[in-house]
Amino acid sequence: MRHATASANGKIYIIGGEAADDSGNAFSTHYIFKPSGPTFTQFPTQNSPPGIFGHTVIILFDGRLLVFGGISGGQLVPFNTISVLDMTQSNLTWTLASTDASNLPSPRASFAVVLLDDGRILIQGGTDALFQSNVADDWILDPSRSPMTWTSIPALFGDGPRRDHFAISAGGQVVFGFGA
């Protein structure tokens, strides 16, 4: 549970997750699922994200897969730790993105995320490592900049604090739904 997925080019990318046995153990194995096979192929492990859950995975328009946020080793992962896998390369290699650490969202898990039409990434809400205190702020990551930059944006429509919700981009608008 609490894994993250993204899909592109007929493949589903599955990153991390938490064991459903109340142990709090996180998975450090990550997979590509090809429904046409069906087959699972494990991502390379060198420099890959650690055992992680409550995070996000998103595929940019240029083919880079980003993994950020969530909980690893019982601690929230700071938002200047962004794992990157360039899916356009034949030899897949994990790297860490260069991120401006001067203006970061507070670490969190189970937040909503959406890739905007202009290639930036919007996050909203989330929770602490104990899933007790939710946050209500909104941030945008610009992955086209080097280093990548985070910008706080005014609260969106008074969404309020929530976690485990979703966001989708449709017709130039972002729709948020559900959550706790």
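Taken in spatial order, the 4 strands make up an open sheet running β11-β12-β13-β14, and their pairing is antiparallel. Looking at strand neighbours, the two that pair on one side only are β11 (112–115) and β14 (149–153), the edges of this open sheet. Shown here is a sheet whose adjacent strand axes are inclined to one another by a mean of 20 degrees, direction ignored. Across 4 bridges, the pairing between β11 and strand β12 (residues 121–124) is antiparallel. Across the sheet, the residue bridging to leucine 115 is isoleucine 121, located in β12.

Turning our attention to the packing of aromatic side chains. Tallied over the entire structure, the rule returns 10 aromatic pairs. Where phenylalanine 79 meets phenylalanine 111, the ring centres are 5.5 Å apart and the plane angle is 70 degrees; that geometry is what we call edge-to-face. Of this pair, phenylalanine 79 sits in the loop between β8 (75–76) and β9 (83–86) while phenylalanine 111 sits in the loop between β10 (94–96) and β11, placing them 32 residues apart in sequence. Both residues of the pair, phenylalanine 79 and phenylalanine 111, count as buried. Relative to tryptophan 150, the ring of phenylalanine 79 lies with its centre 5.1 Å away and its plane at 70 degrees, an arrangement referred to as edge-to-face.

Every regular strand shows the same layout, with side chains that alternate between the two sheet faces. On strand β5 (residues 56–59), burial covers both faces: Thr56 and Ile58 on one face and Val57 and Ile59 on the other are all buried. Here β5 runs beside strand β6 (residues 64–68); their pairing, made up of 4 bridges, is antiparallel. Counterpart to isoleucine 58 in the pairing with β6 is leucine 66. Connecting the antiparallel pair β5 and β6 is a turn made up of 4 residues, with glycine 63 showing a positive phi of about 95 degrees.

Conventions used here
For every chain, the first residue of its written sequence is number 1, and the numbers climb from 1 along that sequence. The predicted origin of the model limits local features to residues at a pLDDT of at least 70 and limits the giving and counting of side-chain atom pairs to 80 or more, whereas totals for whole chains, interfaces and linings rest on all residues. Side-chain numbers come from the whole structure's heavy atoms, not from hydrogens or water. By definition, two strands form a pair when at least two bridges between them are found by DSSP. The way it works is that DSSP assigns letters per residue, a run of H or I at least four long becomes a helix, a run of E at least two long becomes a strand, and they are numbered from the N terminus. Here the axes come from fitting lines to C-alpha atoms, over the contacting stretch only for helices, and the angles between their N-to-C directions go from 0 to 180 degrees. Here a Phe, Tyr or Trp ring, Trp counted by its six-membered ring, pairs with any other such ring whose centre lies within 6.5 Å, and the pair is stacked when the planes are under 30 degrees apart, edge-to-face when over 60, and tilted otherwise. Exposure classes here rest on a 1.4 Å probe applied to the protein chains alone. A residue is buried below 20% of its type maximum, exposed above 50%, and partly exposed in between.

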